[in-house]
Amino acid sequence: MWMIRKTLQSLSSILFPPLCYICKKRDALLCRSCISSLARSIDTESLYIYSSFSYRDPHIKKILHAIKYFHKKDLLNPLALVLAEDMKKQGYSGLLIPVPMSPVRKYIRGYNQAEELTKILSRITGLPYATGILKRSLITKRQVTMSTKKERLQNPKRTFHLTSKKDILKNKNIILVDDITTTGATLSEARSMLLGAGAKNVQAVTLAH
C-alpha cells in the first residue's frame with residue numbers, strides 16, 4: 001500500500017509541480033528567490049534565543065499563519081533548512097526538545113508545529129531529539145491575542161511540568177525549538193524547568209522573532 005501511495009505522490013508532483021507560496025511560480029513550496037528575500041531577524045529578547053527570520057516580514061507572518069492554522073506544515077521544510085544552516089554556523093549542538101502544546105490544541109490542530117519543526121531539524125542536522133519530557137500543564141492564551149507586553153510575560157507562568165523522562169536531561173546541552181518567539185516568556189519558563197531538572201545548558205531556536 002505504501003508503495004502505491006509513494007508512486008501516486010511522485011506522479012502528482014510531476015503532473016502538478018508545487019507553486020511557490022509567495023510568488024506563485026511553479027518551482028517549489030518556497031522558491032530560492034523568495035526565501036532569500038525574507039527579512040532576517042536582527043536580535044531577540046535573550047542571548048540564549050536565536051531566530052532566523054523577522055516576524056515583522058508580512059510574508060513570514062503569512063507563512064507561519066498558514067502552517068499553524070491551515071495545515072500547510074510542508075512549508076516548515078524550506079524554513080527549517082535556513083534555520084539548520086544558521087544553527088551550524090552558530091555551533092549549536094545538543095538534544096532538541098520542542099516546546100509542547102496543550103493536548104486540546106494539538107487535537108484540534110492535528111499536530112504541534114514545534115514538534116514537526118524539531119523532527120525536520122533533527123533530520124537535517126543529525127542532532128537527536130526527544131519528546132514527552134516537557135508537558136503543558138495549562139491552556140494559555142495565544143500570545144498574539146494579548147495587547148501588552150506585561151500580559152505576554154505573565155501568560156506562560158506555571159505553564160509546564162516535567163514527566164518521568166526528565167532524567168534524560170542530566171548534564172546535557174538542550175536546544176528548545178519553537179516556531180515563533182515574541183517576548184521570550186514561554187521559552188524562559190520552559191528553560192527554567194529544564195535547568196531545574198539538571199540540564200547543563202539550555203539554548204533555544206525559533207523560525208521567527
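Because the structure is a prediction, the values reported are computed rather than measured.

The rules behind these values
Residues numbered from 1 in each chain as written. Predicted model: local features only at pLDDT ≥ 70, side-chain atom pairs only at ≥ 80, totals over all residues. Heavy atoms only, no water. pLDDT = per-residue confidence, 0-100. Contact = heavy atoms within 4.5 Å. Helix = DSSP H or I, 4+ residues; strand = E, 2+ residues; numbered from the N terminus. Core = buried A, V, L, I, M, F, W, Y, C linked by side-chain atoms within 4.5 Å. Buried < 20%, exposed > 50% of the residue type's maximum accessible area, 1.4 Å probe, protein only. Lys, Arg positive; Asp, Glu negative; His and termini not counted. Salt bridge = Lys/Arg side-chain N within 4 Å of Asp/Glu carboxyl O. Polar contact = N/O pair within 3.5 Å; in protein donor to acceptor, adjacent residues only side chain to side chain. Pairing = 2+ DSSP bridges. Axes fitted to C-alpha atoms, helices over the stretch in contact; angles between N-to-C directions.

A. Seen up close, the confidence of the model for the protein chain. Looking at the protein chain, the pLDDT average stands at 87 and 82% of residues meet or exceed 70. Every residue in residues 6-12 scores below 50 in pLDDT, and together they form 1 contact with partners more than four places removed in sequence or on other chains.

B. Up close: unusual backbone geometry. Even without being glycine, His 71 reaches a positive phi, approximately 55 degrees. Checked against the element boundaries, His 71 lands in the loop between α3 (58-69) and α4 (76-90). For Asn 171, which is not glycine, the phi torsion reads 60 degrees and is therefore positive. By the secondary structure assignment, Asn 171 is in the loop between β4 (160-162) and β5 (173-180).

C. Spotlight on the nonpolar core. If you look at the biggest cluster of nonpolar residues, it comprises 34 residues, and the most contacted ones within it are Leu 64, Leu 79, Met 87 and Leu 121. Elements that contribute at least two residues to this core include exactly α2 (32-37), α3, α4, α6 (113-125), β5 and β6 (201-208). With 7 residues, α4 is the single largest residue contributor to this core. Contacts of Met 87, omitting those with residues within four sequence positions, involve Tyr 92, Leu 96, Leu 121, Leu 127, Ile 175 and Val 205.

D. Focus on the side chain of Arg 136. Structurally, Arg 136 is set in strand β3 (residues 134-136). Buried charge Arg 136 goes without a salt bridge, the closest partner of opposite sign being Asp 178 at 5.7 Å. A polar contact of 2.6 Å, which involves the side chain of Arg 136, links it to the backbone oxygen of Pro 100.

E. Representation of the sheet that holds strand β1 (residues 49-53). As summarised here, the arrangement of the 4 strands in space is β1-β6-β5-β2, forming an open sheet in which the pairing is parallel. Every interior strand has two partners, whereas the edge strands, β1 and β2 (95-98), have only one. Along the sheet, successive strands turn relative to each other by an average axial angle of 25 degrees, direction set aside. One ladder, built from 7 bridges, connects β5 with β6; its direction is parallel. Paired with Ile 180 across the strands is Ala 208, a residue of β6.

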